[in-house]
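Fold and geometry: a report
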Amino acid sequence: MTTVDPTPASLPAALAEPTVPVRRGWIALIFAANLGVWMAFFTPIQVLLPQQLERIAPADKETALAVVTGLGALAAVLANPLAGALSDRTCLRLAGREFGRRHVWTAGGALLGAAALVLLAQQRTVAGVALGWVAAQVCFNAMLASLTAAVPDRVPVAQRGGVSGWVGIPQALGLVLGVVLVTAVVSGTATGYATMAVAVLLLALPFALLTADDPLPRAHRPALRWRALLASMWVSPRRHPDFGWAWITRFLVQLGNALGTLYLLYFLTDEVRHPDPEGGLLVLILLYTAGLAATAVVAGRLSDRSGRRKVFVITAGGIMAVAALLLAVAPVWPVAVAAALLLGAGYGVYLSVDAALITQVLPAATDRAKDLGVINIANSAPQVLGPAISAPLVVHLGGYPALYAATAAVTVLGSVLVLKIRSVP
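Residues numbered from 1 in each chain as written. Predicted model: local features only at pLDDT ≥ 70, side-chain atom pairs only at ≥ 80, totals over all residues. Heavy atoms only, no water.

1. Comments concerning the pattern of salt bridges
- Evaluated as defined, the whole model comprises 12 salt bridges.
- With a shortest N-O distance of 3.8 Å, Glu-17 and Arg-368 are connected by a salt bridge. With a gap of 351 residues between them, Glu-17 in the segment before helix H1 (24-56) and Arg-368 in helix H13 (residues 368-395) connect regions that are remote in the sequence.
- Of the charged contacts in the structure, one is a salt bridge between Asp-153 and Arg-102, with a shortest N-O distance of 2.6 Å. Linking Asp-153 in helix H4 (residues 126-154) with Arg-102 in the loop between strand E2 (97-99) and helix H3 (103-120), this pair joins segments that are 51 residues apart in sequence.
- Take Asp-153: its relative accessible area is 10%, and that puts it in the buried class.
- What emerges from the salt-bridge pattern is a single network uniting Glu-17, Asp-88, Arg-101, Arg-102, Asp-153, Arg-160 and Arg-368. (Salt bridge = Lys/Arg side-chain N within 4 Å of Asp/Glu carboxyl O. Helix = DSSP H or I, 4+ residues; strand = E, 2+ residues; numbered from the N terminus. Buried < 20%, exposed > 50% of the residue type's maximum accessible area, 1.4 Å probe, protein only.)

Below you can see the structure in the form of structure tokens.
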């Protein structure tokens, strides 16, 4: 049985469970906004920051990149739930007009984040790059917190799987489009940063300006006490066990995804012995994206129609585990191609259905963005832990077969633990 907040008739629209299906135009606009923010996240990490730091500190570029991206990841872990909590409390009134509690964070995050990218491009020291990237991460995570909360705010439960599929596709597509833009369309690091700044504004602002955002009446705004706000970041798994299990399953599956994708370039070079590892990696990324795009919306809609979520999550974990095991036992190019497609297809199913499932186990409508920000820690933390786990496995504990076997085990464990969730079928 699906759990929803008790919503008396007097509850304001901002806190009530949505009942009116969203239209295609709304889906297209939130798809574009998510595409903008994921391009702004991934393109600097994959291309622009490495280029910039190589010029600043060529002898220590690996260490410099690790420090900068590690600080950015830490900023993301802290900023996302905090921005979500503040978004949940936002009551904005200007010139006699009330504004909703989400769009101001989406628009503000896009504007300030674009400015941070432009300033980041001008930095000439590692410390300056680190500060600029942390600023960008804070802004874009504030934006992401409000965009994530828009789904339970506006989308009925019976439509969330399909919509979550559309929202999930930009996570992979953003990487591909961003890299193509800054490598094949424009040249130069500064121009690349400026291009990402323009892209995030053009893609995100229409959603904030053209779609509805219900205001939160001041009478329903929780009191802002910083000690209580920080304490609220802990969601008790005893009081909310389904939320706790949803967090654990998301963390484990994302950890498996991080383990499986982190060393693909080195895997192609050292194990597969591909003649063009960089070109081969691009092919695998494109196939992964194609697999994800092919399954995300379809699986989400099937889950909506059946009313079932857990069977899709378990199936997705099994598909991703098979892909990882293929890499473990047969490190040859044709198998890597098949594994990339399978991994993308499985992750597409997982991304859409698990996102819908999580919106159904949120503890309270008043804290949707904050609680989804806590869930987003389960997305960010594996990116920090992944290298710490992967390196010992590859160097000391069995090489790439051990790495991909561990990937399969962690992914299966994460997906099977979804059975612990009781309130969602």
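Next comes the rest of the write-up.
2. Notes on helix H9 (residues 264-272)
- Those residues of H9 not exposed but buried are Leu-264, Phe-267, Leu-268 and Val-272. Each buried residue of H9 lies within a common arc of 100 degrees when the element is viewed along its axis, so the set occupies one face.
- If you follow the buried residues of H9, they end up packed against helix H8 (241-262), helix H10 (277-306), helix H11 (310-329), helix H12 (333-359) and helix H14 (399-416).
- Positive phi appears at Arg-273, one or two residues downstream of H9, with a value of about 60 degrees. (Arc of directions from axis to C-beta. Contact = heavy atoms within 4.5 Å.)

3. Considerations on unusual backbone geometry
- Of note, Arg-273 is a non-glycine position whose phi angle comes to about 60 degrees, a positive value.
- Position of Arg-273 relative to the elements: it lies in the loop between H9 and H10.
- When its relative accessible area of 63% is taken as the criterion, Arg-273 is described as exposed.

4. Comments concerning the nonpolar core
- Residues Phe-267, Leu-292, Leu-403 and Tyr-404 are the most contacted members of the largest nonpolar core, which totals 59 residues.
- Those elements that place two or more of their residues in this core are helix H5 (160-185), H8, H9, H10, H11, H12, H13 and H14.
- At 11 residues, the largest contribution of residues to this core is made by H12.
- Setting aside chain neighbours within four positions, we find Phe-267 in contact with Val-272, Leu-327, Pro-331, Tyr-400 and Tyr-404.
- Judged by nonpolar contacts, the second largest core, of 47 residues, contains Trp-26, Ile-30, Val-47 and Val-167. (Core = buried A, V, L, I, M, F, W, Y, C linked by side-chain atoms within 4.5 Å.)

5. Here's the deal with the packing of aromatic side chains
- Going through the model one piece at a time under the given rule, you end up with 12 aromatic pairs.
- Summarising the aromatic geometry, the rings of Tyr-347 and Tyr-350 are spaced 6.3 Å apart at their centres and angled 20 degrees between planes, so their arrangement reads as stacked. Residue Tyr-347 and its partner Tyr-350 are both found in helix H12; the two are separated by three residues, about one turn of the helix.
- Take Tyr-347: its relative accessible area is 5%, and that puts it in the buried class.
- These aromatic residues form a ring-pair network of at least three members: Trp-38, Phe-41, Phe-42 and Phe-140. (Phe/Tyr/Trp six-rings, centres within 6.5 Å; stacked < 30°, edge-to-face > 60°.)

6. Re the side chain of His-274
- By the secondary structure assignment, His-274 is in the loop between H9 and H10.
- There is a polar contact of 2.9 Å between the side chain of His-274 and the backbone nitrogen of Asp-276.
- Excluding anything up to four places from it in sequence, His-274 contacts Leu-268, Gly-280 and Trp-333. (Polar contact = N/O pair within 3.5 Å; in protein donor to acceptor, adjacent residues only side chain to side chain.)

Remember that the coordinates give geometry; whether it matters functionally is a separate question.
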